[in-house]
Amino acid sequence: MAKQFEGTLEKIDDYRWRIPRDESYGMVTEGIVFADEELMKDLRTDAALTQVQNVACMPGIVGPSMAMPDCHYGYGFPIGGVAAFDLNEGVISPGGVGYDINCGVRLLRTDLEEQDVRGKLQELTDSLFREIPAGVGEKGKIQLDEKELRRVLERGSEWAVTQGYGNENDLEVTEDGGFIEGADPDAISDHARERGRPQLGTLGSGNHFLEIQCVDRIYDDEAASRMGILDEGQVTVMVHTGSRGLGYQVCDDALKQLQRAAQKYGIDLPDRQLACAPVDSPEGESYFAGMACAANYGWANRQIITHWMREAFERVLGRGISQIGLQLVYDVAHNVAKFEEHEVNGRRQRLCVHRKGATRCFGPGREEVPERYRDLGQPAIIPGDMGTASWLMLGTDEAMQLTFGSTCHGAGRTMSRTAAKKRQHGREVQSELEGRGIRVRSAGLKTLAEEASYAYKDVDRVIGVTDRVGLSRRVARMRPLAVVKG
DNA sequence: ATGTTC
């Protein structure tokens, strides 16, 4: 477990801080933290800075160990961490991805205005809550046999669309087309697959949610309209969930395996939680193949949930989907490791980029960005905490230079779940939200207390830092009308 | 995040 930060922290400018390379600590590179003074106040007493420093000790890291402005303490790596590794000398690490592999967000736009749904909000929320199972350990409506599950793990969203859950457009505007190549169902344990079989199409718990929102403010009319965001008051829908018990199990299994592998390869690290193996080792390759399975499961999960959301809207509003227009704007992961090409010291290099609580936001022109958006840059969807705003952003050239094309992933916790629960009961949190006109349905009051707004940093401030540093630029801000929680 | 301390 990482301790309170005792290293040196230098202020570079209003939004950037450096942890200089300290060879006596074992650092092989520097750490860079993106934050303003206010966000740094919380971070100074957070062991997350030690974790930034620890990641800077990992073999084969290319560029700095980085922390986004929503950074906070996590398992081994900080949440909000970005680290890239050389494919020959570098490592791959489950702690750099997190337990919820391919936790991610998707944004859908509609042809509805706030007044079209105001009177139906309770009914819509109830319907979503009924149709999409939510809560820890919750099982879904789909029972997959082993063979079908393997197809899910190999093809992600593409499998879901083939089964009738969604359409071609959904795949076009999902990061990586909804699945990563290289997934091998035999690379994960029987137990992981068993956990995955009954859970496809479930929301889960924690910070996962479904939200009915409306556009609060548009910052770039042209970019917004290209993404189907046409005016303020327009209704949008957001899905935030991941790979459920399967991803958790893949991570847990891999941590044990890679702890042994780290010893075997003589990798000496300041924290056991940084368990890793060389990218090109059998253990490293096996983790990637398993992680890719969980990533694909996460995409299929969000895709199936999207299908049921469309059905719920149709039923409650009594109109066909063509009159509702629930089209996917984009879907992006914020917990994943990927092989990508970047410019390093003036030449192209393939790297293994770990993003944990960080969102890929490639700049304009990259082939990974869907053709439709390629000249704009990669959309990044940043959910706020419960009851506050969420953001639609775009990737930038600056992000390519500074963060291997990465930005923040949300508000970021500032209070532990335990501390949050002590402050208020879930009932109070719920009644405050309802008092502000936000409908709430939750599988558990405990989760509501853990996820209360006061337990998070200010998402608008976090977004402000990314915008001013140039890690991503503002397109639109959405505010919640109704939320469904696990 | 997680059938939440296998």
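Preceding block: the structure.
Chemist: Break down the side chain of Thr359 for me, with residues and values.
Modeler: Its place among the elements puts Thr359 in strand E14 (residues 359-360). In this structure the side chain of Thr359 is engaged in a polar contact, spanning 2.7 Å, whose partner is the backbone oxygen of Cys408. If we skip the residues at most four places from it in the chain, Thr359 touches Val332, Ala333, His334, Ala380, Ile382, Gly405, Ser406, Thr407, Cys408 and His409.

Chemist: With reference to specific residues and values, describe the protein's contact with DNA strand B.
Modeler: Near DNA strand B, the surroundings consist of 18 residues, among which Arg195, Ser205, Gly206, Asn207 and Arg244 are the closest. Looking at DNA strand B alone, sugar and phosphate atoms form 58% of those within 4 Å of the protein. One of the side-chain N or O atoms of Arg244 is found 2.5 Å from a phosphate oxygen in DNA strand B. In the environment of DNA strand B, a base oxygen lies 3.4 Å from a nitrogen or oxygen atom belonging to the side chain of Tyr248. Of all elements in the fold, only helix H8 (190-196) and helix H10 (244-264) reach the threshold of two or more residues within the surface near DNA strand B.

Chemist: Outline the layout of surface pockets, supporting the account with residue identities and numerical values.
Modeler: The computed volume of the largest pocket comes to approximately 1,400 Å³. Taken together, 48 residues line the largest pocket, and the ones lying closest to its centre are Ile79, Asp100, Gly206, Asn207 and Arg417. Broken down by secondary-structure element, the contributors of at least two residues to the lining of the largest pocket are H10 and helix H14 (417-423). With 3 residues, the single largest contributor to the lining of the largest pocket is H10. Taken together, 25 residues line the second largest pocket, and the ones lying closest to its centre are Glu343, Met400, Gln401, Leu402 and Thr403. Mapped onto the lining of the second largest pocket, the elements with two or more residues apiece are strand E2 (16-19), strand E3 (31-34), strand E4 (61-72), strand E12 (335-344) and helix H13 (397-403).

Chemist: So what's going on with the packing of aromatic side chains? Which residues, and what values?
Modeler: Scanning the model with the defined rule gives 7 aromatic pairs in all. Here Tyr330 and Tyr373 contribute two aromatic rings whose centre-to-centre distance is 6.4 Å and whose plane-to-plane angle is 70 degrees, an arrangement assigned as edge-to-face. Linking Tyr330 in strand E11 (residues 327-333) with Tyr373 in the loop between E14 and strand E15 (379-382), this pair joins segments that are 43 residues apart in sequence. Taken individually, Tyr330 and Tyr373 each receive the classification buried, so the pair is uniform in this respect. Members of the aromatic cluster, each reached through a chain of ring pairs, are Tyr75, Tyr99 and Tyr248. When the ring centre of Phe362 is taken as origin, the NZ or CZ atom of Arg366, which lies over that ring, is 4.3 Å away. Across from the ring centre of Tyr454, 4.2 Å away, lies the NZ or CZ of Arg423, which sits over that ring.

Chemist: Describe unusual backbone geometry, naming the residues involved and giving the relevant values.
Modeler: Unlike most non-glycine residues, Asp176 shows phi in positive territory, near 60 degrees. Relative to the helices and strands, Asp176 is located in the loop between helix H7 (168-172) and H8. In the Ramachandran plot, Asn345 falls in the positive-phi region, its phi being about 45 degrees despite a non-glycine side chain. Looking at the element boundaries, Asn345 is found in the loop between E12 and strand E13 (347-356).

Chemist: Account for the pattern of salt bridges, with residues named and values stated.
Modeler: All chains considered together, the criterion is met by 45 salt bridges. As a salt-bridge pair, Lys264 and Glu283 come within 2.7 Å of each other at their nearest N and O atoms. Of this pair, Lys264 sits in helix H10 while Glu283 sits in helix H11 (residues 282-317); the two residues are 19 residues apart in sequence, bridging distant segments of the chain. Here Glu341 ties to Arg348 by a salt bridge, and the two come within 3.1 Å at their closest N and O atoms. According to the relative accessible area criterion, Glu341 is partly exposed, its value standing at 34%.

Rules behind the numbers
- Residues numbered from 1 in each chain as written.
- Chains lettered and ligands numbered in written order.
- Predicted model: local features only at pLDDT ≥ 70, side-chain atom pairs only at ≥ 80, totals over all residues.
- Heavy atoms only, no water.
- Helix = DSSP H or I, 4+ residues; strand = E, 2+ residues; numbered from the N terminus.
- Polar contact = N/O pair within 3.5 Å; in protein donor to acceptor, adjacent residues only side chain to side chain.
- Contact = heavy atoms within 4.5 Å.
- Near = heavy atom within 4 Å.
- 1 Å grid on protein atoms, 1.4 Å probe; cavity = no way out; pocket = protein on both sides within 12 Å on 5 of 7 lines; lining within 4 Å.
- Points joined across faces, edges and corners; volume = space filled by probe spheres on them.
- Phe/Tyr/Trp six-rings, centres within 6.5 Å; stacked < 30°, edge-to-face > 60°.
- Buried < 20%, exposed > 50% of the residue type's maximum accessible area, 1.4 Å probe, protein only.
- Lys NZ or Arg CZ within 6 Å of the ring centre and 35° of its normal.
- Salt bridge = Lys/Arg side-chain N within 4 Å of Asp/Glu carboxyl O.

Shape descriptors only; they carry no functional weight alone.
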